[in-house]
Each structure stands twice: as C-alpha cells, then as structure tokens.
Amino acid sequence: MKKILIILSLFSFAACEETVTLDLENSEPVFIIEGLVTDQNINQYVRVTRSVDFYASGGAETISNAVVTVSDDNQTFTYTHNPNASTDSLGYYLSTQQFAGEPGKVYNLRVEVNGQVFTASDELFRVTEIDSLTSEIDEEEFEDPDEEGEFYEMLFYTTEPQDTKDYYLFKFYKNGAIIRDDENDIFFSDDELLAENIEGVPTAGYYSLGDTGTVEMYSISNSAFIYYNDLINLLLSDGGLFGSPPVNPRTNIQGGALGFFQTSAVASRSIVITD
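Report follows, based on the coordinates. (Residues numbered from 1 in each chain as written. Predicted model: local features only at pLDDT ≥ 70, side-chain atom pairs only at ≥ 80, totals over all residues. Heavy atoms only, no water.)

### A few points about the sheet that holds strand β14 (residues 197-202)
Thinking step 1. In spatial order, the strands read β9-β10-β14; together these three strands make up an open sheet with antiparallel pairing. The open sheet has two edge strands, β9 (130-137) and β14, and neither has a second partner. Adjacent strand axes in the sheet meet at a mean angle of 15 degrees when their direction is disregarded.
Thinking step 2. In the sheet, β9 pairs with strand β10 (residues 152-159) via seven bridges, with the strands oriented antiparallel. For Leu133, the partnering residue across the bridge sits in β10 and is Phe156. (Pairing = 2+ DSSP bridges. Helix = DSSP H or I, 4+ residues; strand = E, 2+ residues; numbered from the N terminus. Axes fitted to C-alpha atoms, helices over the stretch in contact; angles between N-to-C directions.)

### Quick notes on the nonpolar core
Nonpolar side chains tend toward joint burial in soluble globular proteins.
Thinking step 1. Residues Ile33, Tyr79, Leu109 and Val111 are the most contacted members of the largest nonpolar core, which totals 46 residues.
Thinking step 2. Lining this core are residues from two domains, each supplying at least three of them: domain 1 (31-123) and domain 2 (130-222 + 265-272).
Thinking step 3. Leaving out residues up to four positions away in the same chain, Ile33 has contacts with Val46, Arg47, Val48, Leu109, Val111, Phe118, Ile253, Ala257, Leu258, Gly259 and Phe260.
Thinking step 4. Within the second largest apolar cluster, 16 residues are counted, among which are Tyr173, Ile186, Phe225 and Leu231. (Core = buried A, V, L, I, M, F, W, Y, C linked by side-chain atoms within 4.5 Å. Buried < 20%, exposed > 50% of the residue type's maximum accessible area, 1.4 Å probe, protein only. Domains from an automatic or database assignment. Contact = heavy atoms within 4.5 Å.)

### Some words on the pattern of salt bridges
Thinking step 1. Scanning the entire structure with this criterion turns up nine salt bridges.
Thinking step 2. Measuring nitrogen to oxygen at the nearest pair gives 3.6 Å for the salt bridge that ties Lys105 to Glu102.
Thinking step 3. Using a relative accessible area of 15% as the deciding quantity, one classes Lys105 as buried.
Thinking step 4. The exposure class of Glu102 is partly exposed, given its relative accessible area of 41%.
Thinking step 5. Here Asp190 makes a salt bridge to Lys165, at a shortest N to O gap of 3.6 Å. One end of the pair, Asp190, is in strand β13 (residues 187-190); the other, Lys165, is in the loop between β10 and β11 (167-174), with 25 residues separating them in the sequence.
Thinking step 6. The class for Lys165 is partly exposed, based on a relative accessible area of 40%. (Salt bridge = Lys/Arg side-chain N within 4 Å of Asp/Glu carboxyl O.)

### Notes on empty space enclosed by the protein
Thinking step 1. In this structure, the largest cavity spans a volume of roughly 50 Å³.
Thinking step 2. In terms of lining, the largest cavity is formed by ten residues, of which the most central are Phe170, Lys171, Ile178, Arg180 and Phe187.
Thinking step 3. Among the elements that make up the lining of the largest cavity, the one with the highest residue count is β11 (three residues).
Thinking step 4. Looking at the lining of the largest cavity residue by residue, the class counts come to seven nonpolar, no polar and three charged. (1 Å grid on protein atoms, 1.4 Å probe; cavity = no way out; pocket = protein on both sides within 12 Å on 5 of 7 lines; lining within 4 Å. Points joined across faces, edges and corners; volume = space filled by probe spheres on them. Nonpolar A, V, L, I, M, F, W, Y, C, P; charged D, E, K, R; others polar.)

### Some thoughts on the pairing of strand β15 (residues 212-220)
Thinking step 1. With eight of nine residues buried, β15 is to be regarded as a mostly interior element.
Thinking step 2. Across eight bridges, β11 lies against β15 in antiparallel orientation. Within β15, the position partnered with Leu169 by the bridge is Tyr218.

### Some remarks on the environment of Ala66
Thinking step 1. Within the fold, Ala66 resides in the loop between β3 (61-62) and β4 (67-71).
Thinking step 2. As a C-alpha pair, Ala66 and His81 span 15 residues in sequence and 8.0 Å in three-dimensional space.
Thinking step 3. Among all residues touching Ala66, those that are not within four sequence positions of it are Tyr93, Val111, Glu112 and Val113.

### Digging into the environment of Tyr168
Thinking step 1. If you trace the backbone, Tyr168 turns up in strand β11.
Thinking step 2. Its relative accessible area of 1% is what places Tyr168 among the buried residues.
Thinking step 3. Spatially, the C-alpha atom of Tyr168 lies 9.5 Å from that of Thr128, the residues being 40 residues apart in sequence.
Thinking step 4. Setting aside residues no more than four positions away along its own chain, Tyr168 makes contact with Val127, Thr128, Glu160, Pro161, Phe187, Phe188, Ser189, Leu194, Met217, Tyr218, Ser219 and Ile220.
Thinking step 5. Only 2.5 Å separates the side chain of Tyr168 from the side chain of Glu160, close enough to count as a polar contact. (Polar contact = N/O pair within 3.5 Å; in protein donor to acceptor, adjacent residues only side chain to side chain.)

### Re the packing of aromatic side chains
Thinking step 1. Summed over the entire model, instances satisfying the criterion amount to 13 aromatic pairs.
Thinking step 2. Taking 5.5 Å as the distance between ring centres and 65 degrees as the angle between the ring planes, the aromatic pair formed by Tyr227 and Tyr228 counts as edge-to-face. Each member of the pair, Tyr227 as well as Tyr228, is classed as buried.
Thinking step 3. The positively charged end of Lys174 is found above the aromatic ring belonging to Tyr207, 5.9 Å away from the centroid. (Phe/Tyr/Trp six-rings, centres within 6.5 Å; stacked < 30°, edge-to-face > 60°. Lys NZ or Arg CZ within 6 Å of the ring centre and 35° of its normal.)

### Looking at the pairing of strand β7 (residues 106-113)
Thinking step 1. A one-sided burial pattern is seen for β7, the buried positions being Tyr107, Leu109, Val111 and Val113 and the unburied ones Val106, Asn108, Arg110 and Glu112.
Thinking step 2. Summarising the sheet, β4 and β7 pair through five bridges and their orientation is antiparallel. In the sheet register, Val67 faces β7, and the bridge partner there is Glu112.
Thinking step 3. Pairing between β7 and strand β8 (residues 116-123): eight bridges, direction antiparallel. When the sheet's bridge partners are listed, Leu109 is paired in β8 with Ala120.

Spelled out as structure tokens, the structure:
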C-alpha cells in the first residue's frame, strides 16, 4: 500500500488465548462486546450486540437490557443504555458520570445479559505526544488527483520513547470525518516499526486547501495489538482452496463473547491545510 508508517487495516476493537474456527453455515449467534476507556474526561462507552445466523438478513442485534460496569482498584462506574434515546446509539452504554482513565491503572469490565456474565481487563498505558503536523503537495497525486483539488497530504512528526515496549493505534480525520485509504483500513504499530524519530511520515488520504486534518494517537496494550493483528489476518484472508480456515480474533473478553475491551491514552493534533 502506498502511504504510511503503519498500514495494517480496521474494524472495531481487541486478545483470550483460544482461537475459534468459524462455522459460517451453522454458527450460533454470539454476543459481541466493544468498549473503550480513555484518559479523556468524558462519558466512556461500551457497545453490546449479538450476531445473527449466517443466513439471516439484517445486521447485528442491538442489546438494550445488559447490566454494564467498569471498575478500577478504587471505584466502580455504572453505565446506562442509550441515555439520549438516539436511534444511532442503540446498543451503546455510556458511563453515568464522566471520568478519565489513568495511565498505569487496570480497568475491569463486567457485562451481564440474559443471565450470562462476561468480563475483561485491560491496562491503560501512556501515549507519546504528537510533536507537529505539516502539509505539502504530493506531486504524484497532483498529476492525476482522485478529486479535483485534493492533492495535499498531511505529514506527521513525533518522537517515540524507546525505554519501554509500546503499541499504538492511529486515526486520521478530514474536516471531522474519519479518513482511510481503504474502507477496512486500520492503522496500528509497535514501537519497533515506528522507531524513535518519526519525521514527515504521510498519513491516510488527501486534502484540499482549507481542509482541517487531524491525527489521533492511541496507546494500546499488547493484547489489543494481538487482536488487531488477528483481525487484519482475517480481513486479508482470500478464503482460497489452500488458505487457512477463518478464525475469530483472540479477545480479552472472558465468557464466550467476541470483541475487545480497550483502554487508551490519547494524543491529538490538528492543522488547516495551507499552500
């Protein structure tokens, strides 16, 4: 792929030690739990859905009757389903109070639904700061732009501390909307690939003059890195005669659900694209 430091493609969030082979024709519906706690002082979220039979029509079933809590070593935070009654937030549970996760703490998720209990834990790690962003014309794209005027790329600069083993997830935005080079792209990396000095690495997508570009950099745990790596392997599997059978990404959720409970510190920076 053409553009970036990390390009190993996204879906949602996610690592248990057991890998499950998918039986598409006879698979029973399973619960899917996705959650995120960040170091931002906000209403954190957990999403609970259930898969449908392979031959059923429609998307995943949203679950509205789960009991959801997140705790650290000092307190427990309760979550409420879709408190704003938004049709876009079915299946989403928000913490009843705003709170910020703290680097160095382990956060524990508990979800009870229809008599089943699912648990997960993830440690929140520090994140390095984004030093700066710049923009420049991509001469190759300028010769044949995908859209008229969109031939600027955003460049990313940071310094990654090498004294610890770190893992990161990246998200890129144009005018507030997430942007990818491909609809399934996920951008994640460990610090060995990033190296210590990241100087002028192109991010995803192209921009016009006056657009606002944003980079978000999330710390993730080794378990989340494993999940994303498993997920990418699943997404890139061609399903051919000699390919390995598809398997679900390893998850940190105990109790038989799929998905991942992630904790992250977040660094963010934006620029307006100028000539």
